[in-house]
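This is what each chain is made of:
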Amino acid sequence: MSNDLAVRRDVPAGQLPGRGTGGWTTVPRDDVSDRTSDEKGFPEMARAGRFSGIHRTSVDIEDASLVTRTPGTDGAPTMVSASIAGLDLGHWLSAHRALLEDALTATGAVVLTGFAGAESEHALQASLDRAGRRTMRYVERSTPRRQVARDVYTSTEYPANQEIALHCELTAALEIPGHVWFICLERPGSGGETPVADTRAVLAGIPGDLAEEFRTKGWRLVRNYGTGFGPGWQEAMQSDSQAEVEEYFRKNAIEWQWMDGGRLRTEQIRNAIEVHPRTGEEVWFNHVVFWHDSALEPNVRAQMVRELGADGLPYQVSFGNGQAIPAEAIQVIQRAYRTALRERPWRDGDIMIVDNLLSAHGRRPFTGKRKIVVAMTDPTVRRPHPGGRPGNAP
């Protein structure tokens, strides 16, 4: 399929993506000679016919030679590097959806380098639209983010000196993103990697009896909104209407209780181990490590318990039947995450796509500026855990 929009002319002239390594080499601007007279800024000369022999190049975006693909090994993501300057992200994604899905199935994450169409938040949104990707709003929020385009957000805005534990996105929701897109607009001075871990490998690293307990019981999340820690229910649910929020809870198997002072308490039970809809493989998919109280600094937890009470913590996780998850079990799961973890430094223009069921992600501490924006696409609806209850007020 030929498409004269496949090569973008609005990328900086003279930049050529390197092959395989994700690096860039520079060629003289005068060597970039395939632009039309209008694009070179000489419309009057074009009208005079002095450039009548110059035409826009038609590029076959299904041509495999447009990219260099380096399969991931030992759990590392697959690398796909554009081999020509200005290769349009949206059109390439549209033409190569099957290739991308196969790479994601193999390694859980794919890093694209050298593509045009992700130079800004709005460029990313436009590229995803051109690719036919259905983008998602961020609901059931739990971390601070800012919306910077229609369905594009900043990455979690935690302090730079803090690490964000490995997790998959929206594991407590029933409608989840199939894919999460990370775009590096400005790399950090140091650190700031977005590590990934194949959730199949994480599950394989958890002892069988513990995995079976989670498989059978699922996991339970209790959230207390309005405590002063974490977003309020209006921010989390993106609505100021109690009626709208209650309707969402009914449809998504979430129990709720309105408390004094405008506070809200919710409870939901979800599968801790999911089956990937495309591959049929089991994957580790939950936030039990992320929100377990043992993950809190002891002095922070003590202060929160003093102020809120043990039942008032903003996030509380347990097995689906309410049984406590021992701290020792959390340590075992953390080791499985660490064993599966892979990472690489960000470079400006990098695009990392993760299959949200096959790959967990996190964030390393960093110095300097760091601007990573995120989009979620291809929503997938899960089944509630059999032990869950309908979404209705107690």
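Here the structure is a predicted model, which is why all the values come from computation and not from measurement.

Rules behind the numbers
Residues numbered from 1 in each chain as written. Predicted model: local features only at pLDDT ≥ 70, side-chain atom pairs only at ≥ 80, totals over all residues. Heavy atoms only, no water. Salt bridge = Lys/Arg side-chain N within 4 Å of Asp/Glu carboxyl O. Helix = DSSP H or I, 4+ residues; strand = E, 2+ residues; numbered from the N terminus. Buried < 20%, exposed > 50% of the residue type's maximum accessible area, 1.4 Å probe, protein only. Core = buried A, V, L, I, M, F, W, Y, C linked by side-chain atoms within 4.5 Å. Contact = heavy atoms within 4.5 Å.

Enquirer: Give a description of the pattern of salt bridges that names residues and reports values.
Expert: Per the counting criterion, the structure on display carries 27 salt bridges. Between Arg97 and Asp378 there is a salt bridge whose closest N-O contact spans 3.4 Å. Taken together, the residues span a long stretch of sequence, with Arg97 in helix α3 (residues 97-107) and Asp378 in strand β24 (residues 371-381) at a distance of 281 residues. Asp378 gets classed as buried once you look at its relative accessible area, which sits at 14%. Salt-bridge contacts for Glu121 lead to Lys371; the nearest nitrogen and oxygen are separated by 3.0 Å. Here Glu121, found in helix α4 (residues 121-130), pairs with Lys371, found in strand β24; they are 250 residues apart in sequence, far enough to count as distant. For Glu121, a relative accessible area of 13% puts it in the buried group.

Enquirer: Please set out the nonpolar core residue by residue, giving values where relevant.
Expert: Of all hydrophobic cores here, the largest spans 56 residues; its most connected members are Phe214, Trp284, Val288, Ile333 and Tyr337. In terms of residue count, helix α11 (residues 327-340) provides more of this core than any other element does, 7 residues in total. Filtering out sequence-adjacent residues up to four positions away, Phe214 remains in contact with Ala272, Trp284, Val288, Phe319, Ile325 and Ile333. Ala103, Leu104, Leu185 and Ile351 belong to the second largest nonpolar core, which has 28 residues in total.

Function cannot be read off these values alone, since they describe shape.
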